[in-house]
Amino acid sequence: MPLLQRLSLRLRIFLFFALIALGSSALVIIDLYLALQRIGFDALPHLVLFGGLTCFGILFLTGWVWQKFDVNVANPIEMIVKDVRSLVHAGAGQGLDQETGKYLGFLNPAIREISEALVEARNETDRQIAVAVNNANKQKRRLESVLKDLSQGVLICNLDHKILLYNHRALEILHVSGDLGLGRSLFSVVSAAPFHHALERLTRRFSEGRHKRHKEGLGQLVICATADGRHTLQGRMSLLLNEQETSATGFMITFDNVTRQLAENVERDRLLHNALVNLRDPAANLQATAEMLTGDFHLDSQTRHALEQMIAREAAALAKRITALDDTAHAMLANAWPMSDVYSSSLFNSVLRRNSAESLKITCEFIGEPIWLHCDSVTIVELVEFVLRKVAETTGLKAFQLQATETGRKVYIDLHWHGDEVPSVAQINSWLDEPLDRDLGEITGRDVLDRHKTDFWCTRVPQGTIHLRLPLAPARDHHTDEAREETQILPERLEFYDFDLMERTNLGSLEDTPLRELDFVVFDTETTGLDPSGGDEIISIAGVRIVNGRILSGEFFDQYVYPGRTIPPATTKIHHITDAMVANAPRIDAVLPKFQSFVSDAVLVAHNAAFDMKFLSLKEESTGIKFTNPVLDTVLLAAHLQGQNASLTLDALAEQFGIEILPDMRHTALGDTMATAEVFLRLVDLLEASGITTLRQAVEAENKIAAIRRQQARY
């Protein structure tokens, strides 16, 4: 682009007026010189006086006209151009100011009419797109519902092992939050070797065409460990093909946590080994003793008696060991039976619904507070309903009460009724020996009790009622209101997938990668003050990821930081963070490693990034955490696009682009982060419209602005 075209409109107009002034003055000087040749040098003082006045008048008049033209024409035109570009490229919703360019005649009204027509056309297009997107979203929501309810973790990755999709269950199984996200490497959360091996085998099987006759097709069993080695996962990797099924584009993994299962298998093997060791010696001793007793050894009575005593001792020891092994095996069998935590009210309601299908109708009142317990709810419901019906048939009663109470390490299910007849132990045992339900096969009540390692008993309580008591295990997980609130922090619909990332297989160098294909982490800090070198500290840090041009609102980092000093009241008035709010927060040396893990290799973005980066760089020595990521500053990028005279505050840019910042979120690290992320995406649109499409070009643009600011700071 020629140099003249790169100059701003206002500067070019200034140069135009300057040329007029200088040219006019030059003509006056030339005319005076010619007049001097005719009149003679005696008139020189007069000609210099009038010529100087004339030139001064020309310069003053030209400068005055230029100043009025700049204020009323050039500057309004630049403002209109900025608004129009924001409207066209960044989708800014606000209309053009009527006061701007009021001296431009019909130009301003004409541009406003064009802008309004553009907004109307865009709104109509948006409405049509919204209808189409809504239809597509219905299908997506179905997919999301399926993924959300799957009991197994699901991950889909491209061939660069970048995650394109994950579900809630994957987060739970992997025991991670910020480490798992769209565009991140699979190997940040699991060991790499098993997946490299499985992917190599599947790729070779596909390239050789053996998948068509292989019993597992394009699937492969994978066993791996989480990155911290604390959990063992077992799953299946399946190769994903392109539409033409000519090449692989990625792979899908379905997996589950088998750590407990493996531990139980190891325990089972150890039990078998110990059983063999513990039984071998007594059995050998018994065999040897029996051979001596039955053989022709002419044993005297004392020796025979000693051998018989030995047989008795070994037999008793053997029986004791067998009993212990049986108890252990019984406990392992019970633990192997699938059980889960269930709410007692849900269990009791199931009992009533189960009974409503029977001919003998029974009413049941639930008393006491509902609590959580751990059991196989299907068989327990069948057992309780079965026994309830047996008691009703025996006593003739149809009104009962059910209650769940927790005492010590047990939860008791009590069936209460009023009456005189208490079922005998023999009667209860006969009930327990009967099959419960045809659909459950031949399972009896006794089988259910054995699986739960419990028993039934019946007693009369002092209040004149009879209760049948069933002890069960308490819930294994915490089911408090706080826990439910914590799980509800995550939005219902997160950005759990982005299949466009499937195409990003070869990005080349980071600097030359298109901005839209880069991963960004937009971040912000709240501090005790504005002087990082003077002892001010970070008290809150937040970040959100932008992947493939989308803000992943579900993948954010938000953490209070204990600063080790008091927060001045003046700064609390701004960000509303008090000493009490950060009193129990981790220190910066514990927070920055997690934040660095969250950032990974993404490009950092901040509003006035130099301020935030200064705080981070001052902590490099004490924490050992150094951020070497490329950094973009929305202030400098906006200054490049809109000029340095424009207001570049976060509030001004948000208002210009029609971005709403909730009042209670403004000046919070997370709130400002989200607003900055929205502004940054609008700036990327404008940067692309101005020919800046790569990270290298964006950095060069903001470096020029930074250099200008440094020069201005000298004056």
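Remember, it's a predicted structure, so these values are computed and weren't measured experimentally.

Participant: Go over the overall build of the protein with me, naming the residues and quoting the values.
Facilitator: In terms of regular secondary structure, the protein is built from 22 helices and 17 strands. Looking at the 715 residues of the protein, the share that counts as buried comes to 39%. When the accessible area of the protein is evaluated, it comes to approximately 39900 Å², of which 56% is carbon and sulfur surface.

Participant: Break down the sheet that holds strand β5 (residues 248-257) for me, citing the residues and quoting the values.
Facilitator: Adjacent strands of a sheet pair through backbone hydrogen bonds, lying either parallel or antiparallel. Strand order across the open sheet formed by five strands is β2-β1-β5-β4-β3, with antiparallel pairing between neighbours. A single partner strand is all that each edge strand has here, and the edge strands are β2 (163-166) and β3 (219-225). Mean inter-strand twist for the sheet, computed between neighbouring axes without regard to direction, equals 25 degrees. Against the sheet, helix α6 (residues 193-207) makes contact with β3, β4 (232-241) and β5, and its axis sits at roughly 170 degrees relative to β3, the strand it touches most.

Participant: Can you break down the nonpolar core residue by residue, with the values?
Facilitator: L515, F520, I546, L632 and F680 are the most contacted members of the largest nonpolar core, which totals 39 residues. Listing elements by their share of this core, those giving two or more residues are β13 (520-527), β14 (538-547), β16 (603-606), α19 (634-642), α20 (650-656), α21 (669-689) and α22 (695-714). Those residues in contact with L515 that sit more than four places away from it in its chain are F520, L632, V684, L687, I692, T693, T694, L695 and A698. Listed in part, the 38 residues of the second largest apolar core include I362, I371, V381 and I466.

Participant: Explain the pairing of strand β8 (residues 372-375) to me, using residue names and the numbers behind them.
Facilitator: Pairing geometry for strand β6 (residues 340-343) and β8, over four bridges, is antiparallel. Each residue of the ladder has a partner; that of V342, found in β8, is L373. Bridge count between β8 and strand β12 (residues 465-474): two bridges; the pairing is antiparallel. Directly across from L373, in β12, lies its bridge partner P474.

Participant: Mind laying out the side chain of E314, listing which residues take part and the relevant values?
Facilitator: Here E314 is to be found in helix α8 (residues 301-336). R321 is the oppositely charged side chain nearest to the buried, salt-bridge-free E314, at an N-O distance of 5.7 Å. Excluding anything up to four places from it in sequence, E314 contacts P282, N285 and L286.

Participant: Which residues make up the packing of aromatic side chains, and what values go with them?
Facilitator: Aromatic ring pairs are defined here through the distance separating the ring centres and the angle between the ring planes. In this structure the tally under the stated criterion is 15 aromatic pairs. Between F56 and F60, the ring centres sit 6.5 Å apart and the planes meet at 20 degrees, which makes this aromatic pair stacked. Here F56 pairs with F60, and both are found in helix α3 (residues 44-89), just four residues apart, close to one helical turn. With relative accessibility at 56%, the residue F56 sits in the exposed group. Overall, the relative accessible area of 57% leaves F60 in the exposed class. Centre to centre, the rings of F348 and F366 are 5.3 Å apart; their planes meet at 45 degrees, and the pair counts as tilted. Of this pair, F348 sits in helix α9 (residues 344-356) while F366 sits in strand β7 (residues 363-367), placing them 18 residues apart in sequence.

Participant: Explain the pattern of salt bridges to me, and be specific about the residues and the numbers.
Facilitator: Counted according to the given criterion, the structure contains 17 salt bridges. Measuring nitrogen to oxygen at the nearest pair gives 3.3 Å for the salt bridge that ties E216 to R236. Of this pair, E216 sits in the loop between α6 and β3 while R236 sits in strand β4; the two residues are 20 residues apart in sequence, bridging distant segments of the chain. Across the pair E537 and K619 runs a salt bridge, and its minimum N-O distance is 2.7 Å. You can see E537 sitting in the loop between β13 and β14 and its partner K619 sitting in the loop between α17 (609-617) and α18 (620-623), a full 82 residues away along the chain. Here the two residues E537 and K619 agree in accessibility, since each one is buried. Through salt bridges with shared partners, one network takes in R169, E172 and D256.

Participant: Describe the environment of L510, and please don't skip the residues or the numbers.
Facilitator: Within the fold, L510 resides in the loop between α13 (481-487) and β13. Judged by its relative accessible area of 32%, L510 is partly exposed. Along the sequence, L510 and A602 sit 92 residues apart, while their C-alpha atoms lie 9.9 Å from each other.

Participant: So what's going on with a nonpolar patch on the surface? Which residues, and what values?
Facilitator: On the surface, a cluster of nonpolar side chains totalling about 560 Å² of accessible area is made up of F56, F60, L61, W64 and V65. Within the fold, L61 resides in helix α3.

Participant: Explain the packing of α19 against α21 to me, and be specific about the residues and the numbers.
Facilitator: Direction vectors running N to C along α19 and α21 enclose 35 degrees, while the axes themselves pass 10 Å from each other. The interaxial crossing formed by α19 with α21 has left-handed handedness. Along its contact with α19, which presents T634, L637, A638, H640, L641 and Q642, the element α21 presents T676, F680, L683, L686 and L687. Split by residue class, the contact of α19 with α21 holds seven nonpolar, four polar and no charged.

Participant: Summarise helix α4 (residues 107-149); cite the residues concerned and give the values.
Facilitator: Look at α4: 59 Å from first C-alpha to last across 43 residues, which is about the 63 Å you get at 1.5 Å a residue. Among the residues making up α4, those that are buried are N108, I111, R112, S115, N137, E144 and L147. On the buried face of α4, the contacting elements are α3, β1 (153-158) and β2.

Analysis parameters
Residues numbered from 1 in each chain as written. Predicted model: local features only at pLDDT ≥ 70, side-chain atom pairs only at ≥ 80, totals over all residues. Heavy atoms only, no water. Helix = DSSP H or I, 4+ residues; strand = E, 2+ residues; numbered from the N terminus. Buried < 20%, exposed > 50% of the residue type's maximum accessible area, 1.4 Å probe, protein only. Areas by Shrake-Rupley, 256 points an atom, 1.4 Å probe, with all protein chains shown as cover. Pairing = 2+ DSSP bridges. Axes fitted to C-alpha atoms, helices over the stretch in contact; angles between N-to-C directions. Contact = heavy atoms within 4.5 Å. Core = buried A, V, L, I, M, F, W, Y, C linked by side-chain atoms within 4.5 Å. Lys, Arg positive; Asp, Glu negative; His and termini not counted. Salt bridge = Lys/Arg side-chain N within 4 Å of Asp/Glu carboxyl O. Phe/Tyr/Trp six-rings, centres within 6.5 Å; stacked < 30°, edge-to-face > 60°. Patch = residues over 30% accessible without salt bridge, like charges linked within 9 Å, V, L, I, M, F, W, Y side chains within 5 Å. Left-handed = near helix turned anticlockwise from the far one by under 90°. Nonpolar A, V, L, I, M, F, W, Y, C, P; charged D, E, K, R; others polar. Expected span 1.5 Å × (residues − 1).

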